[in-house]
Amino acid sequence: MKLNHKVVLLISTFVVLVQACSPAKETVIEREIITEERIVDRLPQFDEERYERAAAMTSRNVSGLVYRTSVNAEWISDSVFWYRVNAPEGTEYKLVNAEALESRPLFDRERLASELAAAKEDSGLEPEDLHLSRIELDESATRMNFHYMDSAWTVNLDTYSLERVTDDRAKRPSASLLSPDEKYAAYIQDHNLWVRNMETGEDIRLTSDGTYRFGYATDSQGWTNSDRPILKWSGTGHMIATYQLDERKVGDMHLLRTADERPEVVSWPYALPGDEEVPMHHRVVIDVENRELLRLNSGPYHQRTSNCCGLTRGSDWADNSFVDENRKLAYVSTSRDYKEVTLKIADLETGEVREVYSERDEKFIETNLNSRGVPNWRVFYDEGVFVWFSRQSDWGHLYLHDLETGERLNSITEGEWNVSDILAVDQADQRIWFTAVGMNPDRDPYQEYVYSVKWDGSGLKLHTPDEGHHSVTKSPGGRFFVDTYSTVESAPVTVLRDEFGEVLMKLEEADLSRLFEAGWNFPEPFTAKARDGETDIYGLIFKPSDFDPEKSYPIINSIYPGPQIGSVGTRGFATTRRGQAQALAELGFIVVQVDALGTPMRSRSFHTAYYGDMSDNGLPDQIAAMKQLAERHHYIDIERAGMYGHSGGGFATAAALLNYPEFFKVGVAGAGNMDNRGYTFYWGEKFQGPFEEFEDGTDSFTNQALQLQVENLKGKLLISYGTMDNNVNPNTTRQLIDALIEHNKDFDLIVMPNRNHGYANEPYKLRRTWDYFVRHLLNMEPPKEFEL
């Protein structure tokens, strides 16, 4: 029988009263008065072996137990490619001829290792130690250039004659971006944009009037910043599209770095919702060869991209495309409130800008539903048309428009499903290859499949019929593609397909044997109804490896509320986020992840469900799903419910404990944007709405500010933040802490000195999270200071 604190204190008081009547026991009386520490001492001790099993399941550990899970094909012709794959015996390198349906090792590892060992006078070099980088093959695949350690080499793969290559190219500047042909490297120096000619070593200054807070190509986005330039190189030639960033009047954000003596103040520009002065882009295009700079006769523009999140996709400044043989720049501008996007064409001879098409959404625009996906618009200048992504039908689809008038010519796709990413366009055949979700009503609506369709909307084809989440790489000519697919409960398989989707050969099948030996279980997918009792929502259940359906388990929700992604993530096999959920399950919990209302990849109405009240966080849907699971499975103890999350998940967890105190008993909230008035302006103004002040003294952000919602806290809440979090400034968490103290509320706190936003998976933080749930949901004392 387990006694709660109140029962123990009552028994203690009774013992004291009885002993007070017996002089012979006087010396014992004081020892029997139970302090808080001694109550903890009397909790049953938790099994340390379970912590060992949980530690084996963390993402950091399980990622090293999976092999042959993915293939990144590097095509050297339309039918020949090579790839590397991790294997138990070390990295394997393979060459595939799609025409001949042949696969073989790219090189003899033992022979190459032997030649390298002799050349480097390193007798300890083993074949499994061959971790090669910057591999380049000629089209015959007989000569290979590569880097090993810090040296460049070339090898004849017929004779294995090996030569060390002296790199005559100039040293690449740090934080630089190479042109597609690698002739130039662009970099920032003294607020101006420069390039280095990698053939001659010459440094060329492209701009001269850049100054502090008004520099060129500056990566200063408030929530993220770096020394690298933000720009778009033209595919051919050497043209650069970039901007001069004006943040001279933008307010500062501050952090305090812990130091040996005096702490150091770190400050940088960081705009907040409602700020009058925000960063603005003055667009420029630079002809590197002729050293000419052209300012566009339009703007300035807000620091926005037409879909979430940030300005870049890969190394490119998103929403920019050189067309008409570099004589024009097509780009999309986005309004500050994310309600309007406009396609424009700039003439790079005159700088004149023509508005082609504009679309407005009264909530917010997305041109790609994948977080950090490339915006789904394409301009085909010679054909006089452009492809546009829109959710005007409530679903994300592609449309063909006239480039001169902007008029919509026809729907390319339609139905109650979403286009995910444009993969490629065959202009000769006027066919678009794309991924989509939700087209098959009998399958998980989040699984991505590959399709193609003609520009006029005819000839829709499915190219990946096998059930699963598909990731593909097409050959340059489009006749073949490599496809890796899996589900949340099946191992990845990689196959070679022809353009029609027919499987030509299996390339790899993931080896998860070591993962299963360590105790891993696939999570179980489930479907439930949202808060309205009608809308389907989807999630995963994680169980301990020694799960016993006759036992009773607390339930913990692992949350990330969106709005740019959900809790579950990919619908294919993954260990990254799921490892932490499985590790927690190993301690004796049922852990769930649910994609609630307010997350992407479903309809627009689903995605925008809590626009205007971010503290909703989809929590009513999370609760509805957890209650339904408890009704289906008697092993779930719904009276012992908890939640944890980081960043937006920390915000959601704190909101859950404050607003649903009768349901959520324990929460661990890390690095949360607890009041979006104190977080980056692009986030709040997009998903909460424009900042407005009202006559009653409130504003349009008041309803989501958690420091105004603390009076209902009843459960156990552990809050954490990093003191150098330059993404979500800890100030909003400290505001919440201040309000909790003002309302005399008990809570627990971990401060991570000098950590930025990404401390969630640090061993100390993980261990303290485990301890908190073990102590307060299992009512047991965790192993003291377990070494994770």
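Our structure is the block above this text.
Description of the structure in this document. (Residues numbered from 1 in each chain as written. Predicted model: local features only at pLDDT ≥ 70, side-chain atom pairs only at ≥ 80, totals over all residues. Heavy atoms only, no water.)

### Topic: the overall build of the protein
Here's step 1: Along its length, the protein carries 14 helices and 46 strands.
Here's step 2: Relative to the globule expectation of 28 Å for 788 residues, the C-alpha radius of gyration of the protein, 29 Å, shows essentially globular dimensions.
Here's step 3: Relative to its full complement of 788 residues, the protein shows a buried share of 56%.
Here's step 4: Just so you have it, the protein exposes about 34200 Å², and 45% of that area is on carbon and sulfur atoms.
Here's step 5: Here the protein holds 83 positive side-chain charges and 127 negative ones, and the gap between their average locations is 3 Å. (Helix = DSSP H or I, 4+ residues; strand = E, 2+ residues; numbered from the N terminus. Rg over C-alpha atoms; globule rule 2.2 N^0.38 Å. Buried < 20%, exposed > 50% of the residue type's maximum accessible area, 1.4 Å probe, protein only. Areas by Shrake-Rupley, 256 points an atom, 1.4 Å probe, with all protein chains shown as cover. Lys, Arg positive; Asp, Glu negative; His and termini not counted. Charge placed at Lys NZ, Arg CZ, Asp CG, Glu CD.)

### Quick look at the pairing of strand β35 (residues 469-474)
Here's step 1: With six bridges joining them, β35 and strand β36 (residues 480-486) adopt antiparallel strand pairing. Bridge assignment links His470 to a residue of β36, and that residue is Tyr485.
Here's step 2: In sequence, β35 turns back onto β36 through a hairpin of five residues, with Gly478 there showing a positive phi of about 85°. (Pairing = 2+ DSSP bridges.)

### Observations regarding the sheet that holds strand β1 (residues 74-75)
Here's step 1: Strand order in the open sheet made by the four strands is β1-β2-β3-β4, with antiparallel pairing throughout. If you trace the sheet from one side to the other, it starts and ends with β1 and β4 (102-105), each paired once.
Here's step 2: In this structure, β1 lies alongside strand β2 (residues 80-87), joined through two bridges in antiparallel fashion. Following the sheet pairing, Trp75 is matched in β2 by Phe81.

### Some words on the pairing of strand β44 (residues 664-670)
Here's step 1: For β44, a buried count of six out of seven residues is recorded, marking the element as mostly surrounded by other parts of the structure.
Here's step 2: The parallel pair strand β43 (residues 636-646) and β44 is bridged by helix α11 (residues 648-659), and the resulting crossover is right-handed.
Here's step 3: Pairing of β44 with strand β45 (residues 716-722) involves five bridges; the strand directions are parallel. Bridge pairing in β45 links Gly667 to Leu717.
Here's step 4: The parallel pair β44 and β45 is bridged by helix α12 (residues 681-687), and the resulting crossover is right-handed. (Right-handed = clockwise from strand over helix to strand, strands pointing away.)

### Let's talk about α11
Here's step 1: Between the first and last C-alpha of α11 there are 16 Å, a value that for twelve residues agrees with the 16 Å anticipated at 1.5 Å per step.
Here's step 2: Counting buried positions over the twelve residues of α11 gives eleven, a clear majority of the element.
Here's step 3: Gly648, Gly649, Gly650, Phe651, Ala652, Thr653, Ala654, Ala655, Ala656, Leu657 and Leu658 are the residues of α11 that are buried.
Here's step 4: The secondary structure elements touched by the buried residues of α11 are α10 (619-632), β43, β44, β45 and α13 (731-742). (Expected span 1.5 Å × (residues − 1). Contact = heavy atoms within 4.5 Å.)

### Quick notes on the environment of Asp181
Here's step 1: Its location among the elements puts Asp181 in the loop between β9 (177-178) and β10 (184-189).
Here's step 2: By relative accessible area, Asp181 is classed as partly exposed at 46%.
Here's step 3: With 56 residues separating them along the chain, Asp181 and Gly237 place their C-alpha atoms 8.8 Å apart.

### A word on the state of the cysteines
Here's step 1: Evaluation of the coordinates by the stated rule reveals one disulfide.
Here's step 2: Each disulfide pairs two cysteine sulfurs, and for Cys308 the partner residue is Cys309, the sulfurs being separated by 1.6 Å. Given an S-S torsion of about 65°, the disulfide between Cys308 and Cys309 has right-handed geometry. (Disulfide = S-S within 2.5 Å.)

### Notes on the nonpolar core
Here's step 1: Core analysis: the largest hydrophobic core is formed by 123 residues, its most contacted members being Leu584, Leu587, Phe589, Trp683, Leu736 and Phe773.
Here's step 2: Of all the elements, α11 adds the most residues to this core, at seven residues.
Here's step 3: Discounting chain neighbours no more than four positions away, the residues touching Phe589 are Phe542, Lys543, Pro544, Tyr553, Pro554, Ile556, Leu584, Phe773, Val774, Leu777 and Leu778.
Here's step 4: Core analysis: the next-biggest nonpolar cluster, separate from the first, contains 25 residues, Trp82, Leu116, Trp153 and Leu157 among them. (Core = buried A, V, L, I, M, F, W, Y, C linked by side-chain atoms within 4.5 Å.)

### Thoughts on the pattern of salt bridges
Here's step 1: Applying the stated rule across the entire model yields 47 salt bridges.
Here's step 2: Arg360 serves as the salt-bridge partner of Glu340, at 3.5 Å between the closest nitrogen and oxygen. A residue pair is termed long-range when its members are at least 10 positions apart, and Glu340 in strand β25 (residues 340-347) and Arg360 in strand β26 (residues 353-360) qualify at 20 residues.
Here's step 3: Note on Arg360: relative accessible area 42%, which makes it partly exposed.
Here's step 4: Residue Asp466 is joined to Arg497 by a salt bridge in which the shortest nitrogen-to-oxygen separation is 2.6 Å. One end of the pair, Asp466, is in the loop between β34 (461-462) and β35; the other, Arg497, is in strand β37 (residues 493-498), with 31 residues separating them in the sequence.
Here's step 5: Residues participating in the shared-partner salt-bridge network are Arg50, Arg53, Asp546 and Glu586. (Salt bridge = Lys/Arg side-chain N within 4 Å of Asp/Glu carboxyl O.)

### Structural notes on unusual backbone geometry
Here's step 1: Note that the residue after Gly299, namely Pro300, is joined by a cis bond; omega there is 5°.
Here's step 2: Of note, Pro300 is situated in the loop between β19 (292-295) and β20 (301-302).
Here's step 3: Residues Gly562 and Pro563 are joined by a peptide bond in cis, for which omega reads 10°.
Here's step 4: Within the secondary structure, Pro563 is located in the loop between β41 (553-558) and α8 (576-586).
Here's step 5: Here the phi dihedral of Arg134 falls at roughly 50°; this positive angle occurs in a residue that is not glycine.
Here's step 6: Mapped onto the elements, Arg134 comes out in strand β5 (residues 133-137).
Here's step 7: Its identity is not glycine, yet Ser647 carries a phi of approximately 65°, on the positive side.

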